[in-house]
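The residues making up each chain are set out below.
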Amino acid sequence: MHQKLGIATRFYGLAKGDVERLATWVDAALAIVPAGNVYVAVHTEEDRSGSLDFMRKQYPKVITFPVTPWGKVVQAPNAILSKSTEQEVSHLLIASSEYPVTHSLVSLLQSHFDT
């Protein structure tokens, strides 16, 4: 079975500078998978950081998209799952933008995959 890993987060910033936190997270994800396997769902109704425009300018190959309505919990992960399915991702890690992913954590996760 061919494995294709996607790494995703959901995001909205409360202030302009919050995009730096997102950039740190995206850079960490890009160190592990190609840009086309990184997904950022943006809560555009609440975002005050301009993250959607920032992502489209700074990371044009990362799959960044608005999610409306955002809802409580389900809509953003479902939107991410839908986008990743379009790219035929076989494994998806949805991680908080507060905690950038690392090679060691992804390797540990992959060691538990069924082969």
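Residues numbered from 1 in each chain as written. Predicted model: local features only at pLDDT ≥ 70, side-chain atom pairs only at ≥ 80, totals over all residues. Heavy atoms only, no water.

Participant: Can you walk me through helix H1 (residues 19-30) in this structure?
Facilitator: What sets the pattern is the α-helix's 3.6 residues per turn: residues three or four places apart point alike. Helix length check: H1 (12 residues) gives 16 Å between terminal C-alpha atoms against 16 Å at 1.5 Å per residue, within 8%. When H1 is considered as a whole, its buried residues turn out to be Val19, Leu22, Ala23, Trp25, Val26, Ala28 and Ala29. Where H1 is buried, its residues meet strand S1 (5-11), strand S2 (38-42) and helix H2 (51-58). (Helix = DSSP H or I, 4+ residues; strand = E, 2+ residues; numbered from the N terminus. Expected span 1.5 Å × (residues − 1). Buried < 20%, exposed > 50% of the residue type's maximum accessible area, 1.4 Å probe, protein only. Contact = heavy atoms within 4.5 Å.)

Participant: Help me understand helix H3 (residues 75-86) in this model?
Facilitator: With 12 residues, H3 ought to run about 16 Å at 1.5 Å a step, and its terminal C-alpha atoms sit 17 Å apart, in line with that. Each element contacted by the buried residues of H3 is listed here: S1, S2, strand S3 (63-66) and strand S4 (91-94). Within two residues after H3, Glu88 carries a phi angle of roughly 60°, on the positive side.

Participant: How do you make sense of the pairing of S2 when you look at a structure like this?
Facilitator: Here is the key point about a regular strand: its side chains alternate between the two faces of the sheet. Counting buried positions along S2 yields five of five residues, so the element is predominantly enclosed. The alternating pattern of S2 places Val38, Val40 and Val42 and Tyr39 and Ala41 on opposite faces, both of which are buried. Alignment of S1 against S2, held across five bridges, turns out to be parallel. Bridge pairing in S2 links Arg10 to Ala41. Between the parallel elements S1 and S2, the chain passes through H1 in a crossover that is right-handed. Summarising the sheet, S2 and S3 pair through four bridges and their orientation is parallel. Looking at the pairing, Ala41 lines up with Phe65 of S3. As for the winding sense of the linkage, the β-α-β connection from S2 through H2 to S3 is right-handed. (Pairing = 2+ DSSP bridges. Right-handed = clockwise from strand over helix to strand, strands pointing away.)

Participant: Is there a simple way to think about the side chain of Ser97 in this case?
Facilitator: Relative to the elements of secondary structure, Ser97 occurs in the loop between S4 and helix H4 (103-110). A polar contact is formed between the side chain of Ser97 and the side chain of Arg21, at a distance of 3.0 Å. Not counting residues up to four positions away in its chain, the partners in contact with Ser97 are Thr9, Arg10, Phe11, Arg21 and Trp25. (Polar contact = N/O pair within 3.5 Å; in protein donor to acceptor, adjacent residues only side chain to side chain.)

Participant: It is not clear to me how the pattern of salt bridges should be interpreted in this structure. Could you clarify?
Facilitator: It is possible for side chains of opposite charge to pair when their charged atoms get near one another. Tallied over the full model, the rule gives one salt bridge. Between Arg21 and Glu98 there is a salt bridge, with its nearest N and O atoms 3.0 Å apart. Taken together, the positions of Arg21 in helix H1 and Glu98 in the loop between S4 and H4 put the pair 77 residues apart, joining distant regions of the chain. Judged by its relative accessible area of 26%, Arg21 is partly exposed. (Salt bridge = Lys/Arg side-chain N within 4 Å of Asp/Glu carboxyl O.)

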